[in-house]
Amino acid sequence: MARMTARRALFAVPVLLAVTFGVFAVAAASPFDPVKAYAGTAGLTASQENLDQLRANLGVDQPLVTRWWEWLGNAVTGDLGDSAVLRQPVAQVITERLGWSVLLATVAFAAAVLLGTALGVLAARRQGGWFDRGVTSLAYTLEAAPPFWLGLLAVWLFALKLGVLPAGGLTDTGSATVSFGQVASHLVLPASVLAISQLPWFLLYVRQGVADALEEDPVRGARARGLAARTVLLGHALRSGLLPVLTLIGSRVPELITGALLVETVFSWPGIAAATVQAATSVDFPLLAALTVLATIAVLLGNLLSDLLYGLADPRVGFDG
């Protein structure tokens, strides 16, 4: 396990270098002008001399490779630079928002895995039955539904039509404090929407994995020995059927990040979505690079977690092979 983790860490270094350079290259080719975005309306009447001076102050007048190398050298020492648009250090921007994004993604992902596993097992138990046909049809339908559409539908139904849940934000309007109760109630809709957007893949994978496991010889042998159907299903078929799902966890991380950004935008959740959009549209080099590196690290950790879980669940899989 330690050797595999070390290899993955070494592999992550060139990946992160390539990703950060790619961010600066794409930003340099973008039609958006970071100087005008920084100046705002004042840039419309500013002289060219003032704009050039501002460009030099922001460091965007330097060549692409120079900007990237300077940012990289500072980032290694912990200095991620300052966000030109938000007028804050990048580290502060991320610190203030990351926790809320992690909370949303963690709750939604856990709910999707648990609910998807439960529904998948129930569907595989009686293949072709009314429950199996119903949940699989619903799963295929949800696969085609964009998270932002599900979010808007949830706001219309539960916030506007029924009025049982808040439409967005972190706390109630006018509240000066952040309490657990308010955060929990405001988290329900965005976490549910994000979980539903991830649910179909886990449901379908578990259903297929358990269904295949029920046809394997060891499971049939357990049935022949007179073991109870519940014991055969949960003690034998479920463990074997869950192995493919473990590999799915890492592959869903990019979709989870993308979905979280969309859901945060719909529900005005105070995560990193707004900062990401502003960084991209304003070509905020330091903030854009830091957020992209953060997302890349999350994807790499997700893939590593999948491999570790698979190795722990199946002793036949070697960590150092």
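Residues numbered from 1 in each chain as written. Predicted model: local features only at pLDDT ≥ 70, side-chain atom pairs only at ≥ 80, totals over all residues. Heavy atoms only, no water.

*Asks:* Give me the lowdown on the overall build of the chain, citing residues and values where you can.
*Replies:* The number of helices and strands found in the chain is twelve helices and two strands. Beginning at the N terminus, the succession of helices and strands in the chain can be written as α-α-α-α-β-β-α-α-α-α-α-α-α-α. Residues classed as buried in the chain amount to 38% of the 321 residues present. In the chain, the share of contacts with a sequence separation of at least 24, taken over all contacts with a separation of at least 6, comes to 74%. As presented, the chain carries roughly 17,200 Å² of accessible surface, and 66% of it is formed by carbon and sulfur atoms. (Helix = DSSP H or I, 4+ residues; strand = E, 2+ residues; numbered from the N terminus. Buried < 20%, exposed > 50% of the residue type's maximum accessible area, 1.4 Å probe, protein only. Contact = heavy atoms within 4.5 Å. Areas by Shrake-Rupley, 256 points an atom, 1.4 Å probe, with all protein chains shown as cover.)

*Asks:* Provide a residue-level description of a nonpolar patch on the surface, including the pertinent values.
*Replies:* On the surface, a nonpolar cluster with roughly 1,100 Å² of combined accessible area is contributed by Phe 148, Trp 149, Leu 152, Leu 153, Trp 156, Leu 157, Phe 158, Leu 160, Leu 162, Val 164 and Leu 262. Here the nonpolar patch gets eight residues from one element, more than from any other, and that element is helix H7 (residues 147-161). In this fold, Trp 149 is placed in helix H7. (Patch = residues over 30% accessible without salt bridge, like charges linked within 9 Å, V, L, I, M, F, W, Y side chains within 5 Å. Salt bridge = Lys/Arg side-chain N within 4 Å of Asp/Glu carboxyl O.)

*Asks:* Go over the packing of helix H5 (residues 90-125) against helix H8 (residues 180-214) with me, naming the residues and quoting the values.
*Replies:* Describing two packed helices takes the angle between their axes plus the distance from one axis to the other. As a packed pair, H5 and H8 sit with axes 4 Å apart at the nearest point and diverge in direction by 35°. Both H5 and H8 take part in a crossing whose hand is right-handed. The residue inventory of the contact of H5 with H8, partitioned by class, reads 28 nonpolar, four polar and one charged. (Axes fitted to C-alpha atoms, helices over the stretch in contact; angles between N-to-C directions. Left-handed = near helix turned anticlockwise from the far one by under 90°. Nonpolar A, V, L, I, M, F, W, Y, C, P; charged D, E, K, R; others polar.)

*Asks:* Provide a residue-level description of H8, including the pertinent values.
*Replies:* Between the first and last C-alpha of H8 there are merely 44 Å, a value that for 35 residues lags more than 12% behind the 51 Å anticipated at 1.5 Å per step. Remark: the principal bend of H8, roughly 40°, maps to Gln 198, with a proline, Pro 200, within the next four residues. (Expected span 1.5 Å × (residues − 1). Bend = angle between axes of the 7 residues up to and from the residue.)

*Asks:* Any details on the pattern of salt bridges? Residues and values, ideally.
*Replies:* Applying the stated criterion across every chain yields a total of two salt bridges. As a salt-bridge pair, Arg 97 and Glu 96 come within 3.5 Å of each other at their nearest N and O atoms. We classify Glu 96 as partly exposed; its relative accessible area is 39%. A salt bridge links Arg 207 to Asp 132; its shortest N-O distance comes to 2.6 Å. Of this pair, Arg 207 sits in helix H8 while Asp 132 sits in helix H6 (residues 130-143), placing them 75 residues apart in sequence. Take Asp 132: its relative accessible area is 4%, and that puts it in the buried class.

*Asks:* Tell me what's going on with unusual backbone geometry, and back it up with residues and numbers.
*Replies:* At Ser 268, a position not held by glycine, the phi torsion is positive, near 55°. Its place among the elements puts Ser 268 in the loop between helix H10 (229-267) and helix H11 (273-281).

*Asks:* Describe the layout of surface pockets, with residues and values.
*Replies:* Quantified by volume, the largest pocket comes out at close to 640 Å³. Lining of the largest pocket is provided by 25 residues; of these, Val 102, Ala 105, Val 253, Ile 257 and Ala 298 occupy positions nearest its centre. Residue assignment for the lining of the largest pocket shows that the elements contributing at least two residues are H5, H10 and helix H12 (285-313). Here the lining of the largest pocket takes ten residues from H12, the largest share from any one element. Partitioning the lining of the largest pocket into residue classes produces 19 nonpolar, five polar and one charged. (1 Å grid on protein atoms, 1.4 Å probe; cavity = no way out; pocket = protein on both sides within 12 Å on 5 of 7 lines; lining within 4 Å. Points joined across faces, edges and corners; volume = space filled by probe spheres on them.)

*Asks:* Which residues make up the environment of Leu 194, and what are the values?
*Replies:* Tracing the backbone through its elements, the reader meets Leu 194 in helix H8. When the C-alpha atoms of Leu 194 and Phe 109 are compared, they prove to be 7.8 Å apart, with 85 residues separating the residues in sequence. Discounting residues that sit within four places of it in the chain, Leu 194 has contacts with Leu 104, Ala 105, Ala 108, Leu 256, Gly 259, Ala 260 and Val 263.

*Asks:* Could you give me a rundown of the nonpolar core, with the residues and numbers involved?
*Replies:* One broad rule of soluble globular proteins: the nonpolar side chains tend to lie buried together. Ranked by internal contacts, the top residues of the largest apolar core, which has 36 residues, are Leu 104, Leu 194, Phe 202 and Phe 267. For this core, the secondary-structure elements that each account for two or more residues are H5, H7, H8 and H10. Per-element accounting of this core gives the leading share, twelve residues, to H8. One finds Val 23, Ala 27, Ala 289 and Leu 291 within the second-largest nonpolar core, a separate group that totals 21 residues. (Core = buried A, V, L, I, M, F, W, Y, C linked by side-chain atoms within 4.5 Å.)

*Asks:* Talk me through H6; I want residue IDs and the actual numbers.
*Replies:* Since one α-helical turn is 3.6 residues long, residues separated by three or four positions face the same way. The end-to-end C-alpha distance of H6, which contains 14 residues, comes to 20 Å, matching closely the 20 Å that a straight helix rising 1.5 Å per residue would cover. Among the residues of H6, those classed as buried are Asp 132, Val 135, Thr 136, Ala 139 and Leu 142. Along the axis of H6, the buried positions cluster into a sector of 125°, meaning they face one direction only. Residues of H6 that are exposed and point more than 90 degrees away from the buried face comprise Trp 130, Tyr 140 and Thr 141. Lining the buried residues of H6 we find H5, H7 and H8. (Arc of directions from axis to C-beta.)

*Asks:* Describe the packing of aromatic side chains, naming the residues involved and giving the relevant values.
*Replies:* With the rule as written, the count across this model stands at five aromatic pairs. With a centroid separation of 5.2 Å and an interplanar angle of 85°, the aromatic rings of Phe 21 and Trp 68 are classed as edge-to-face. Note that Phe 21 is positioned in helix H1 (residues 2-29) and Trp 68 in helix H4 (residues 64-76), a separation of 47 residues in sequence. Take Phe 21: its relative accessible area is 31%, and that puts it in the partly exposed class. (Phe/Tyr/Trp six-rings, centres within 6.5 Å; stacked < 30°, edge-to-face > 60°.)

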